[in-house]
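If you want the building blocks of each chain, they are given just below.
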Number of protein chains: 2
Amino acid sequence: MEIEIALKRLSALAQQSRLEVFRRLVQAGAEGLAAGDLARAVDIPANTLSAQLVILVNAGLARSRREGRSIIYSADYDGMGALLVFLMEDCCQNRAEVCGPLAAAVTRPSCNPV
Amino acid sequence: MEIEIALKRLSALAQQSRLEVFRRLVQAGAEGLAAGDLARAVDIPANTLSAQLVILVNAGLARSRREGRSIIYSADYDGMGALLVFLMEDCCQNRAEVCGPLAAAVTRPSCNPV
DNA sequence: TCGAAGTTTCCATAAATGTAGAATTATGGA
DNA sequence: TCCATAATTCTACATTTATGGAAACTTCGA
């Protein structure tokens, strides 16, 4: 992954409300959440949230689609996975000290559903 | 990990020169690098770099120690590992879509030295 | 005790970011 | 066609962040 993209994604996550929004999107799964519902859930004015969502989408961490009058946002798992791989490989050079705790997390059952 | 700490670490990495500095520190390994050498390597004025290093240390991504007249900086692997675990577990809920590519990375030989 | 090397702190300035009111656009129902 | 709903874009303002010159601090060798 190019550094510029990694920086964009890191910046997108490095902000209180955007990180919370992203987590909610992950929880919501593939169906996603309408912008309005999201705004109510995180208690942020619709236009402010809209600006945050633009940043997440632009960073490749979320997607949007229209459904009637609503616009539905969902987490971009591929984008997030690629960021984690970048941090692990390019940034940390697969150092055992960093891999260790992560290997434990990645091999947990929740991470490998049947 | 607390959200606040995660945000601090993400912010610390979400900046061009700091990300580069962190990568160099990872490359340098446990011995680390003197602030001055680092400044020359990344071509940044000493005082500017110093401010960046404060941010990395404060975020728990780097450590410093004095050696004679020099101050040696090194990457904090534990801090970085914890951030990755946070992103994987708390943030992404160990979703298989995100774990997948990461599992591949984590099981590579370079990540599990003899 | 002095001076040089290495680094940080102080400070001011420029640039980027976050926020939300008001206006605008798109959609669907009456 | 008209209205209400859902969301975005425009705009301005306040806050935060990045940057580097100058001064100060610490360490070591002469």
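Rules behind the numbers
Residues numbered from 1 in each chain as written. Chains lettered and ligands numbered in written order. Predicted model: local features only at pLDDT ≥ 70, side-chain atom pairs only at ≥ 80, totals over all residues. Heavy atoms only, no water. Near = heavy atom within 4 Å. Polar contact = N/O pair within 3.5 Å; in protein donor to acceptor, adjacent residues only side chain to side chain. Helix = DSSP H or I, 4+ residues; strand = E, 2+ residues; numbered from the N terminus. Pairing = 2+ DSSP bridges. Contact = heavy atoms within 4.5 Å. Buried area = accessible area lost by both parts, 1.4 Å probe. Salt bridge = Lys/Arg side-chain N within 4 Å of Asp/Glu carboxyl O.

Caption draft 1: Highlighting the protein's contact with DNA strand C. In the neighbourhood of DNA strand C, 21 residues make up the surrounding shell, with A:Asn47, A:Thr48, A:Gln52, B:Gly36 and B:Tyr73 lying closest. Within the side chain of A:Asn47, one N or O atom sits 2.5 Å away from a base nitrogen of DNA strand C. Separating a phosphate oxygen of DNA strand C from a backbone N or O atom of B:Gly36 is a distance of 2.5 Å. Those elements that provide at least two residues to the surface near DNA strand C are α2 (16-28) and α4 (46-58) of chain A together with α3 (35-42), α4 (46-58) and β3 (70-75) of chain B. The element that contributes the greatest number of residues to the surface near DNA strand C is α4(A), accounting for four residues.

Caption draft 2: The arrangement of the sheet that holds strand β3 (residues 70-75) of chain A in detail. Overall, antiparallel pairing links the three strands, which are arranged β1-β3-β2 (chain A) in an open sheet. For this open sheet the edge positions go to β1 (33-34) and β2 (62-67) of chain A, each flanked by a neighbour on one side alone.

Caption draft 3: Seen up close, the interface of chain B and chain A. Facing the 42 residues of chain B at the interface are 42 residues of chain A. When chain B packs against chain A, the two sides together hide about 4,000 Å² of surface, and 73% of this comes from carbon and sulfur. For the chain B face of the interface with chain A, the top three residues by lost area are B:Arg23, B:Tyr77 and B:Leu84, together amounting to 14%. Remark: the boundary between chain B and chain A carries zero salt bridges. At the junction of chain B with chain A, the criterion picks out three residue pairs in polar contact (both at pLDDT 80 or more).

Just distances and angles here, no functional claims.
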